[in-house]
Amino acid sequence: MESIIEGRAWIFGDNVDTDVIIPGKYLRTTDVQVFADHAMEGIDPEFSSKVQKGDVIVAGNNFGCGSSREQAPLALKHAGVACVVAKSFARIFFRNAINVGLPVMEANVECSEGDIVKIDLKKGSIEVNNKTFKGNKLPDFLLEILTDGGLVAHRRKLQKQKKKQ
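Please read all numbers here as calculations on a predicted model, not as lab measurements.

S.K.: Explain the overall build of the protein to me, and be specific about the residues and the numbers.
M.R.: Along its length, the protein carries seven helices and seven strands. Reading the protein from its N end, one meets helices and strands in the order β-α-α-α-β-α-β-α-β-β-β-β-α-α. On the principal axes, the C-alpha backbone points of the protein span a range of 50 × 40 × 25 Å. Expressed as a percentage of the 165 residues in the protein, the buried residues total 48%. Within the protein, counting contacts between residues at least 6 apart in sequence, those at least 24 apart form 63% of the total. Separation between the mean location of the 23 positive side-chain charges and that of the 21 negative ones in the protein comes to 10 Å.

S.K.: How would you explain the environment of Lys122 if you had to name every residue and give the values?
M.R.: Among the secondary structure elements, Lys122 is positioned in the loop between strand 5 (116-120) and strand 6 (125-128). Between the alpha carbons of Lys122 and Ser3 there is a distance of 6.0 Å; along the sequence they are 119 residues apart. When sequence neighbours within four positions are dropped, the list of residues in contact with Lys122 reads Ser3, Lys137 and Leu143.

S.K.: Could you give an account of the environment of Val51, naming the residues involved and the relevant values?
M.R.: In this fold, Val51 is placed in the loop between helix 3 (47-50) and strand 2 (56-59). By relative accessible area, Val51 is classed as buried at 9%. Once you skip the residues sitting within four places of it in the chain, Val51 turns out to touch Arg8, Trp10, Ala79 and Val81.

S.K.: Now, about the sheet that holds strand 7 (residues 131-134): what can you tell me, with residues and values included?
M.R.: Ordered in space as 4-3-2-1-5-6-7, the seven strands form an open sheet in which the pairing is mixed. Since the sheet does not close on itself, it has two edges, and those belong to strand 4 (104-106) and strand 7, each with one partner. The average undirected angle you get between the axes of adjacent strands in this sheet is 30 degrees.

S.K.: Account for a positive patch on the surface, naming residues and giving values.
M.R.: Taken together, the side chains of Arg156, Lys160, Lys163 and Lys164 present a region of like positive charge at the surface. Tracing the chain through its elements places Lys160 in helix 7 (residues 151-164). The class of Lys160 is exposed, set by a relative accessible area of 60%.

S.K.: How would you sum up the pattern of salt bridges? Please name residues and give values.
M.R.: Within this structure, the stated rule accounts for eight salt bridges. For Asp19, the salt bridge identified is with Arg69, shortest N-O distance 3.2 Å. Note that Asp19 is positioned in helix 1 (residues 18-21) and Arg69 in the loop between strand 2 and helix 4 (71-79), a separation of 50 residues in sequence. Under the relative-accessibility criterion, Asp19 is labelled partly exposed at 40%. By relative accessible area, which is 17% here, Arg69 ends up buried. The shortest N-O distance in the salt bridge between Asp140 and Lys137 comes to 3.3 Å. Asp140 sits in the exposed class, given a relative accessible area of 58%. The network of salt bridges with common partners includes Glu144, Asp148 and Lys157.

Definitions and cut-offs
- Residues numbered from 1 in each chain as written.
- Predicted model: local features only at pLDDT ≥ 70, side-chain atom pairs only at ≥ 80, totals over all residues.
- Heavy atoms only, no water.
- Helix = DSSP H or I, 4+ residues; strand = E, 2+ residues; numbered from the N terminus.
- Buried < 20%, exposed > 50% of the residue type's maximum accessible area, 1.4 Å probe, protein only.
- Contact = heavy atoms within 4.5 Å.
- Lys, Arg positive; Asp, Glu negative; His and termini not counted.
- Charge placed at Lys NZ, Arg CZ, Asp CG, Glu CD.
- Pairing = 2+ DSSP bridges.
- Axes fitted to C-alpha atoms, helices over the stretch in contact; angles between N-to-C directions.
- Patch = residues over 30% accessible without salt bridge, like charges linked within 9 Å, V, L, I, M, F, W, Y side chains within 5 Å.
- Areas by Shrake-Rupley, 256 points an atom, 1.4 Å probe, with all protein chains shown as cover.
- Salt bridge = Lys/Arg side-chain N within 4 Å of Asp/Glu carboxyl O.

This is the structure we're talking about:
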C-alpha cells in the first residue's frame, strides 16, 4: 500500500450502513468478487460497474454503521476503492477496514463527485481542487498493518520475523 492515494471521488452522505455497502443477501458466500460486484448496491445499483481501481469514497458522518460485517470493507476494497474518507466512521467498520487492508481517514472534505482527491496517509491530509483538508492521521501501528495488507498479513510477517531471530 502506498502512503499517497490519488483517485476519483464518489460522494455519499451520512449514516451509510453496512447493509447498503453489501446487502445481506450476498453474505452467504466467501467469494470476494461477489462482494465487489454488489458493493454499494443498496445506494447505487450501478456503483460496481462504474467504480474504477484507485477511486476514493468521500462520505459524511457515521460511515459503516449497522452490523459488524467484515464483508462491507472487503466489498469496497475488492471493487477497487483505494480509500474511504468520511467525517466519521462507525468504530467497528473503521477497525474492520484496517483489518482487511482498506485505508480509511476521518476528515471533513468538500468536493464533488468525480473530483480528483489526493490523500497522504502519513501526513493525515487530503488535497482536492487546490485546497488542503486536515484529516486524522492514523497511528504508525495502523499504517504498518495497512502497509502489510491487513491484520492477517501483518501477523504473518511478524511471525516470520520472529522465526528468523
